[in-house]
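# Structure at a glance
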Amino acid sequence: MVLATKSMGLNPDVLSFAYADMSSVSSPRRPPKNISLGTERLVQLYSSDPEDLGIEIEHSDDGYVRISSTAGDGMFEGTVHAGDIVCEIAGVNMRRPITEHMWRLTTGLMKVAPKPIEVIVAEEHASQEGAVETLGAV
């Protein structure tokens, strides 16, 4: 990108500053924290109605997406617990904090994605002891 900006007569330092400003606008609502996760598990959602999935998914203040509650009679297959971190949904990687805008796009995608929707979840560990993977800011 630096070569392209020089050939176009643009100052790369100004562009870097602009990108830094844009990234702060689209960052999660709170600074990201590192989280430790257990083994990832596959859950398949079969309902075309987001209100009838049997699980509730929420975008938390820290930017991570979590399972907020589960119902035993829902239209899903796999093991999922309230508090699990959603690592991926409908092919969208959520292993890092996401913005509110990205969350809205993902929920829209869930409505039109072919069923079953594949969701990858993992248990969040309180400490890094025994964790398989640590996610968060690099």
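Cut-offs used in this document
Residues numbered from 1 in each chain as written. Predicted model: local features only at pLDDT ≥ 70, side-chain atom pairs only at ≥ 80, totals over all residues. Heavy atoms only, no water. Helix = DSSP H or I, 4+ residues; strand = E, 2+ residues; numbered from the N terminus. Buried < 20%, exposed > 50% of the residue type's maximum accessible area, 1.4 Å probe, protein only. Salt bridge = Lys/Arg side-chain N within 4 Å of Asp/Glu carboxyl O. Core = buried A, V, L, I, M, F, W, Y, C linked by side-chain atoms within 4.5 Å.

## Quick word on the side chain of His59
As for its position among the elements, His59 is in strand β3 (residues 55-59). The class for His59 is buried, based on a relative accessible area of 12%.

## Regarding the pattern of salt bridges
Evaluation of the coordinates by the stated rule reveals five salt bridges. Between Arg41 and Asp84 there is a salt bridge; the shortest N-O distance is 2.2 Å. Placement of the pair is Arg41 in strand β2 (residues 41-45) and Asp84 in the loop between β5 (76-77) and β6 (85-89), with a sequence separation of 43 residues. Glu88 is the partner of Arg95 in a salt bridge, and the nearest nitrogen-oxygen pair spans 3.2 Å. Given a relative accessible area of 17%, Arg95 falls into the buried group. Here the salt bridges do not stand alone but share partners, grouping Glu40, Glu88 and Arg95 into one network.

## Structural notes on the nonpolar core
Counting 20 residues, the largest nonpolar core has Leu45, Ile55, Ile57, Val86, Ile89, Met94 and Val119 as its most contacted members. No other element matches the three residues that strand β8 (residues 117-122) contributes to this core. Among the nonpolar cores identified, the runner-up in size contains seven residues, and Leu37, Tyr64, Cys87 and Ile120 belong to it.

## Some details on unusual backbone geometry
Omega for the peptide link from Lys115 to Pro116 comes to 0°, which places this bond in the cis form. Here Pro116 lies in the loop between α3 (100-112) and β8. The phi dihedral of Ala90 is positive, around 50°, even though this residue is not glycine. For Ala90, the position within the fold is in the loop between β6 and β7 (92-93).

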